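# Topology and contacts: notes
Each chain, written out:
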Amino acid sequence: MIIPVEELLAMPEFSGKPEAALKRKLNAIEHLIRSYTNNNFQNRSIRFQGSSQGDVINGHTQFFKVGDTVQISQSKVNDGLYLITEVADGFIRLDRELFPVPENLVTKVEYPADVQEGVIELMIWEAKNRQKVGIKSETLSRHSVSYYDQDADNQVMGYPVSLLGFLKPYMKARF
């Protein structure tokens, strides 16, 4: 996961919000960022291959710890992002069931601090402003509301362009 849910729950903007809803939103934002930047944020120096059975991948490296995000690739059926829930000698346990496959390439995913901070800002914006999307100005006396255009010039992926500037250094070319 791009940032721990517990970190969000400790912030006043998210107190009282259901943990499952925050987890879903964080996963969605993580996939949006990876798709938008065409960057998978893999640390290719920290990877191994192993067979899978249940929620376990056999094999390990000393550089994985509980709470890390890993990406499984080249398995044909288990490809995707997973969260490590247990690290033991000879295997790692993940947060979801896997299909039994003889080879899974497991790579650690690491997000830079500025991307993590940007995600927190997106989540705060989501909590405070999502219901006001499209409103440019609002007057209470005599009730006047002005709406702005939502087009490619001022919004990306449903968020204001100004909030997504932190992703520019991580954009990769698409071929």
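Everything in this summary refers to the structure shown in the same document. The structure displayed is predicted, hence computed values, not measured ones.

### Side note on the nonpolar core
With 28 residues, the main nonpolar core has Ile2, Leu8, Leu26, Ile33, Val119 and Met123 as its most contacted residues. Among the elements that make up this core, the one with the highest residue count is helix H3 (residues 113-129) (seven residues). Other than its neighbours up to four places away in sequence, methionine 123 contacts Leu8, Phe14, Leu22, Lys25, Leu26 and Ile29. Counting 12 residues, the second-largest nonpolar core is a separate cluster that includes Ile57, Tyr82, Ile92 and Leu94.

### Overview of the pattern of salt bridges
Counted by the stated rule, this structure contains six salt bridges. Residues lysine 65 and aspartate 68 are paired through a salt bridge, measuring 3.0 Å at the closest nitrogen-oxygen approach. For aspartate 68, a relative accessible area of 8% gives the class buried. Two residues, glutamate 86 and arginine 93, come together in a salt bridge whose shortest N-O distance is 2.8 Å. Judged by its relative accessible area of 26%, arginine 93 is partly exposed. By sharing partners, the salt bridges in this structure join Lys65, Asp68, Lys108 and Glu110 into a single network.

### Examining the side chain of threonine 37
Examined against the element boundaries, threonine 37 turns out to sit in helix H2 (residues 19-37). For threonine 37, a relative accessible area of 0% corresponds to the buried category. Residue contacts for threonine 37: discarding those within four places in its chain leaves Leu167, Tyr170, Met171, Lys172 and Arg174.

Conventions we followed
Residues numbered from 1 in each chain as written. Predicted model: local features only at pLDDT ≥ 70, side-chain atom pairs only at ≥ 80, totals over all residues. Heavy atoms only, no water. Core = buried A, V, L, I, M, F, W, Y, C linked by side-chain atoms within 4.5 Å. Buried < 20%, exposed > 50% of the residue type's maximum accessible area, 1.4 Å probe, protein only. Helix = DSSP H or I, 4+ residues; strand = E, 2+ residues; numbered from the N terminus. Contact = heavy atoms within 4.5 Å. Salt bridge = Lys/Arg side-chain N within 4 Å of Asp/Glu carboxyl O.

The values reported here are purely geometric and, on their own, carry no functional implication.
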